[in-house]
Amino acid sequence: MVRDLTVGKSGRVIFSFCLPLFLSVVFQQLYTIADSFVAGRFIGEEALAAVGNSYEMTLIFLAFAVGCSMGSSVLVSRLFGAKEYKNLKSSVTTSIIATVVCFSFLMVFGLLLGKKILVLINTPSSLLEPSWVYLEIYLFGLPFLFLYNLSTGIFSGLGDSRTPFVFLAFSSTANIAMDIYFVAGLKMGVEGVAWATFICQGVSSVLALVVVGKRLKEVESEEKAPLFSTPLLKDFLSVAVPTTLQQSFVSVGNILIQSTINSFGPGVMAGYAGGIKLNNLVITSFTTIGNGMSNFTAQNLGAGKRERIREGEKAGIKMVWTLSVPIFILYFFFSPTLLKLFLENPSEEALASGKALLTILSPFYFVVAVKLITDGILKGLGLMKEFMIDTFSDLILRVSLSFILSSTLLGSTGIWLSWPIGWTMGTVLSLFFYFRGTKKLMEIQREYSDC
């Protein structure tokens with residue numbers, strides 16, 4: 001269903017648009033959580049550590065997929081808001097071509113160098129082979145990952161957040177069932193976990209592309225849209241490249257942090273693997289809502305309704321803070337119970353490490369939630385330089401502090417403490433850029449009205 005985000009009460013529009021996005025990412029995270037759950041319960045602690053170790057590398061590839069998705073999503077939103085339907089259709093096909101080129105290059109890169117990178121990040125010899133098995137199958141599934149994320153971005157740009165949710169709800173549920181069947185039933189080990197994800201992502205991506213084609217037919221244009229447009233490619237890349245760089249450097253930073261964690265042994269690695277999955281469920285969910293704010297902002301910017309942007313920011317923060325309350329309670333007070341979902345007989349070290357991570361991070365979800373909402377607005381406004389600055393400040397601070405604090409008496413706890421410090425710095429910068437950017441927009445709006 002194509003939907004105009006420039007009409008209606010801002011709070012209600014954002015809630016009805018972003019809620020399916022939030023639910024979608026919850027189901028999407030079930031892919032990786034199911035992998036860890038099945039690996040930990042049916043194979044063992046070392047299998048969970050292997051999946052968790054490969055997971056940090058998969059985030060680099062996901063960064064490119066998210067960049068392509070955001071580039072298309074913001075571009076489609078602006079063109080839809082401005083009612084430039086011919087260019088809208090052309091932007092979709094241009095984005096698809098650029099995305100195919102991107103994932104083809106990454107597949108070759110990953111297959112040639114992936115195992116060497118696993119060695120470079122201090123993967124224990126006992127975990128090297130299962131980590132590579134999981135990663136190799138993941139690489140062959142990159143076309144599905146990219147095309148699904150691209151389709152989701154196009155749906156969001158058109159104001160349709162419900163269709164991706166339906167696909168993910170179905171495929172994630174199927175993924176859990178296949179995980180259990182391949183691992184517990186067929187005894188395929190870590191390879192079974194990877195193949196289950198591969199198959200389910202493949203089905204969802206094909207279905208999503210088919211429906212994207214149908215949605216575009218609902219958008220009528222007077223002239224036939226060209227298959228490829230260089231100017232639209234530049235607009236696509238202006239958002240996709242900074243987003244990819246941001247996501248990639250965050251992933252590289254996480255790999256550097258993972259290398260520090262690996263030096264503490266399998267127990268801490270397993271605790272971190274379980275805890276970080278739960279943490280990333282929250283961060284990815286809030287980021288997705290922030291991406292929804294990008295669509296809301298871009299559509300209203302294209303339609304010239306700049307006053308709605310600040311209304312949307314308040315509604316977005318209210319939504320993520322409401323979600324933060326139950327998450328904080330669960331993670332802060334019940335983290336051992338949640339971590340035991342991943343390990344049948346967790347070692348004391350693994351349980352203590354995962355609990356420490358979640359206990360330290362969960363109170364600061366209220367802080368980072370604000371950052372991710374305002375970051376989404378910055379992207380929707382096209383303020384990519386400002387978005388990059390606040391994100392890199394957070395990342396650099398987190399990575400450097402993880403090395404410094406972990407080398408003290410704090411040990412692995414020092415790594416966990418680096419997160420809230422970086423989040424706080426990033427939030428301050430993001431708010432500064434947001435207020436400065438929207439102030440300029442309001443001045444432009446007043447000047448336009450006076451004319």
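Up top is the structure.
Fair warning: this is a prediction, and the values are worked out from it, not measured in the lab.

Chemist: Hey, could you run me through the overall build of the chain in this one?
Modeler: Each helix and strand counted, the chain has 14 helices and zero strands in total. Counting from the amino terminus, the chain carries its helices and strands in the arrangement α-α-α-α-α-α-α-α-α-α-α-α-α-α. Here the C-alpha atoms of the chain give a radius of gyration of 21 Å, agreeing with the 22 Å that 2.2 N^0.38 yields for 451 residues. Projected onto the principal axes, the alpha-carbon positions of the chain cover approximately 70 × 40 × 35 Å. Per-residue burial for the chain yields a buried fraction of 59% across its 451 residues. Excluding contacts between residues fewer than 6 apart, the proportion of contacts in the chain whose partners are at least 24 apart in sequence is 84%. As presented, the chain carries roughly 18,000 Å² of accessible surface, and 69% of it is formed by carbon and sulfur atoms. For the chain, the distance from the average site of its 34 positive side-chain charges to the average site of its 29 negative ones is 6 Å.

Chemist: Looking at this structure, I do not really get the side chain of N279. What am I missing?
Modeler: Relative to the helices and strands, N279 resides in helix α9 (residues 266-302). Looking at N279, its side chain comes within polar contact range of the side chain of Y365, at 2.9 Å. Among all residues touching N279, those that are not within four sequence positions of it are Y331, L358, L361, Y365 and W423.

Chemist: How do you make sense of the packing of aromatic side chains when you look at a structure like this?
Modeler: To describe a pair of aromatic rings, one takes the distance between the centres and the angle between the planes. A full pass over the atoms with the stated rule returns 15 aromatic pairs. On the numbers, 5.7 Å between centres and 5° between planes, the contact of Y272 with W416 is stacked. In this pair, Y272 is assigned in helix α9 and W416 in helix α14 (residues 412-450), connecting sequence segments 144 residues apart. Residue classification places Y272 among the buried positions, given a relative accessible area of 1%. One aromatic cluster is present, built from ring pairs that chain together F328, F332, F333 and F366.

Chemist: Could you clarify how one ought to interpret the packing of α9 against helix α11 (residues 348-361) in this entry?
Modeler: Helix packing geometry: the angle between the two helix axes and the distance between the axes. With their axes 7 Å apart at the nearest point, α9 and α11 run at an angle of 35° to one another. Our pair here, α9 against α11, has a crossing hand that is right-handed. For the pair α9 and α11, the contacting residues are G267, V268, A270, G271, Y272, G275, I276, L278 and N279 in the first and E349, A350, S353, G354, L357, L358 and L361 in the second.

Chemist: Please explain the pattern of salt bridges as it appears in this structure.
Modeler: It is possible for side chains of opposite charge to pair when their charged atoms get near one another. Scanning the model with the defined rule gives six salt bridges in all. The residue D160 makes a salt bridge to R215 at a minimum N-O spacing of 3.0 Å. Placement of the pair is D160 in the loop between α5 (142-157) and α6 (162-185) and R215 in helix α7 (residues 190-218), with a sequence separation of 55 residues. We classify D160 as buried; its relative accessible area is 3%. Assessed through its relative accessible area of 14%, R215 is described here as buried. The shortest N-O distance in the salt bridge between D375 and K371 comes to 2.6 Å. Remark: K371 and D375 occur in helix α12 (residues 365-381); sequence separation between them is four residues, near one turn of the helix. The residues D375 and K371 share a single accessibility class, namely buried.

Chemist: Help me out: how do you make sense of unusual backbone geometry in this one?
Modeler: Apart from glycine, the bulk of residues carry a negative phi angle, and the bulk of peptide bonds sit in the trans form. In this model, K83 sits at a positive phi of 60°, which is unusual for a non-glycine residue. If you trace the backbone, K83 turns up in the loop between α2 (45-81) and α3 (85-120). What makes K83 exposed here is its relative accessible area of 51%.

Chemist: Teacher, can you tell me more about the side chain of S229 here?
Modeler: Along the chain, S229 turns up in the loop between α7 and α8 (230-262). Classification of S229 by relative accessible area gives buried; the value is 13%. Reaching out from S229, the side chain makes a polar contact with the backbone nitrogen of L232 at a distance of 3.3 Å. Ignoring any residue separated from it by four or fewer positions in sequence, one finds S229 in contact with S90 and T94.

Chemist: Can you walk me through the environment of S406 in this structure?
Modeler: By secondary structure assignment, the location of S406 is in helix α13 (residues 384-406). In this structure S406 comes out as buried when scored by relative accessible area, which is 11%. Through-space distance from the C-alpha of S406 to that of A270 is 17 Å; in sequence the pair is 136 residues apart. Those residues in contact with S406 that lie beyond four places of it in its chain are T260, F264, L401, G411, G414 and I415. A polar atom in the side chain of S406 sits 3.2 Å from the backbone oxygen of F403.

Chemist: Explain the environment of K116 to me, please; I cannot follow it from the model alone.
Modeler: Along the polypeptide, K116 turns up in helix α3. Counting along the chain gives 18 residues from K116 to Y134, while the straight-line C-alpha distance between them is 15 Å.

Chemist: It is not clear to me how the nonpolar core should be interpreted in this structure. Could you clarify?
Modeler: Counting 62 residues, the largest nonpolar core has I261, F286, I289, Y331, Y365, W416 and W419 as its most contacted members. Filtering out sequence-adjacent residues up to four positions away, I289 remains in contact with C18, F22, M319, V320, L323 and I373. Core analysis: the next-biggest nonpolar cluster, separate from the first, contains 44 residues, I60, V76, F80 and L142 among them.

Cut-offs applied
Residues numbered from 1 in each chain as written. Predicted model: local features only at pLDDT ≥ 70, side-chain atom pairs only at ≥ 80, totals over all residues. Heavy atoms only, no water. Helix = DSSP H or I, 4+ residues; strand = E, 2+ residues; numbered from the N terminus. Rg over C-alpha atoms; globule rule 2.2 N^0.38 Å. Buried < 20%, exposed > 50% of the residue type's maximum accessible area, 1.4 Å probe, protein only. Contact = heavy atoms within 4.5 Å. Areas by Shrake-Rupley, 256 points an atom, 1.4 Å probe, with all protein chains shown as cover. Lys, Arg positive; Asp, Glu negative; His and termini not counted. Charge placed at Lys NZ, Arg CZ, Asp CG, Glu CD. Polar contact = N/O pair within 3.5 Å; in protein donor to acceptor, adjacent residues only side chain to side chain. Phe/Tyr/Trp six-rings, centres within 6.5 Å; stacked < 30°, edge-to-face > 60°. Axes fitted to C-alpha atoms, helices over the stretch in contact; angles between N-to-C directions. Left-handed = near helix turned anticlockwise from the far one by under 90°. Salt bridge = Lys/Arg side-chain N within 4 Å of Asp/Glu carboxyl O. Core = buried A, V, L, I, M, F, W, Y, C linked by side-chain atoms within 4.5 Å.

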